[in-house]
Amino acid sequence: MTRSAYKHFLPLQTRWADNDVYGHVNNVAYYGYFDTIVNAYLIHEGGLDIHHGAAIGLVVETGCRYFAPLAFPQALEGGLRVARIGNSSVRYELAIFAEGAMHASAEGHFTHVYVDRATRRPIRPPERLLAALERIRA
């Protein structure tokens, strides 16, 4: 995918600990990037209260495909879009780009199911959060 497929971007920076013995960012680091991109958007744009809010998102599915290596030190950009909004779930699609690159080095997805913090039963995401998700819906 190219960057035009994504509606929101977050600057990222590789860390020393992201590299593996082969000299590139290890696959597990991409999932940390994905979490950072989504949760920064939800907190800043959707008003998600990660400490006291009644609704929390639990990850129930993830996946990632890798196309080109990245390494420390390197500036990155994380792309985000929402592919699907259900009654209690949201599927996010993400991409990691080398800074300024047109093509993704990796693409992934994950699905949140929103639940009540106390009961852990599925709920509809809060309206402010839904509005923020709609703004980046593909």
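Residues numbered from 1 in each chain as written. Predicted model: local features only at pLDDT ≥ 70, side-chain atom pairs only at ≥ 80, totals over all residues. Heavy atoms only, no water.

What follows covers the overall build of the protein chain. Helix and strand content of the protein chain: 2 helices and 5 strands. For 138 residues, the compact-globule formula gives about 14 Å, and the C-alpha radius of gyration of the protein chain, at 15 Å, lands near that figure. Its C-alpha atoms give the protein chain principal-axis dimensions of roughly 45 × 30 × 20 Å. A total of 138 residues make up the protein chain; the buried ones form 46% of that total. Here the analysis covers contacts within the protein chain between residues at least 6 apart in sequence; of these, 69% occur between residues at least 24 apart. Accessible surface, the protein chain as shown: approximately 7300 Å² in total, 55% of it carbon and sulfur. In the protein chain, which carries 14 positive and 13 negative side-chain charges, the distance between the mean positions of the two groups comes to 6 Å. (Helix = DSSP H or I, 4+ residues; strand = E, 2+ residues; numbered from the N terminus. Rg over C-alpha atoms; globule rule 2.2 N^0.38 Å. Buried < 20%, exposed > 50% of the residue type's maximum accessible area, 1.4 Å probe, protein only. Contact = heavy atoms within 4.5 Å. Areas by Shrake-Rupley, 256 points an atom, 1.4 Å probe, with all protein chains shown as cover. Lys, Arg positive; Asp, Glu negative; His and termini not counted. Charge placed at Lys NZ, Arg CZ, Asp CG, Glu CD.)

With that settled, the discussion passes to the packing of helix 1 (residues 27-46) against helix 2 (residues 127-135). At their nearest, the axes of helix 1 and helix 2 sit 9 Å apart, and the two run at 115° to each other. Two packed elements cross with a definite hand, and for helix 1 against helix 2 that hand is right-handed. Contacts between helix 1 and helix 2 pair Y41, L42, H44, E45 and G46 from the former with R128, L129, A132, L133 and R135 from the latter. Here the residues of the contact of helix 1 with helix 2 are counted per class, giving 5 nonpolar, 2 polar and 3 charged. (Axes fitted to C-alpha atoms, helices over the stretch in contact; angles between N-to-C directions. Left-handed = near helix turned anticlockwise from the far one by under 90°. Nonpolar A, V, L, I, M, F, W, Y, C, P; charged D, E, K, R; others polar.)

Within this structure, the stated rule accounts for 7 aromatic pairs. Summarising the aromatic geometry, the rings of Y6 and F97 are spaced 6.1 Å apart at their centres and angled 75° between planes, so their arrangement reads as edge-to-face. Of the two residues, Y6 sits in the segment before strand 1 (8-13) while F97 sits in strand 4 (residues 89-98), which places them 91 residues apart along the sequence. You can call F97 buried: its relative accessible area is 0%. Seen in terms of ring centroids, W16 and F72 are 5.7 Å apart; in terms of plane orientation they differ by 85°. Their pairing is edge-to-face. Of this pair, W16 sits in the loop between strand 1 and helix 1 while F72 sits in the loop between strand 2 (55-66) and strand 3 (75-85), and the two are 56 residues apart along the sequence. Site record: aromatic cluster; members linked through ring pairs are Y6, F9 and F97. Here R3 stacks its cationic end above the ring of F97, 4.8 Å away from the centre of that ring. Directly above the aromatic system of Y6 lies the positively charged group of R81, at a separation of 4.9 Å from the ring centroid. (Phe/Tyr/Trp six-rings, centres within 6.5 Å; stacked < 30°, edge-to-face > 60°. Lys NZ or Arg CZ within 6 Å of the ring centre and 35° of its normal.)

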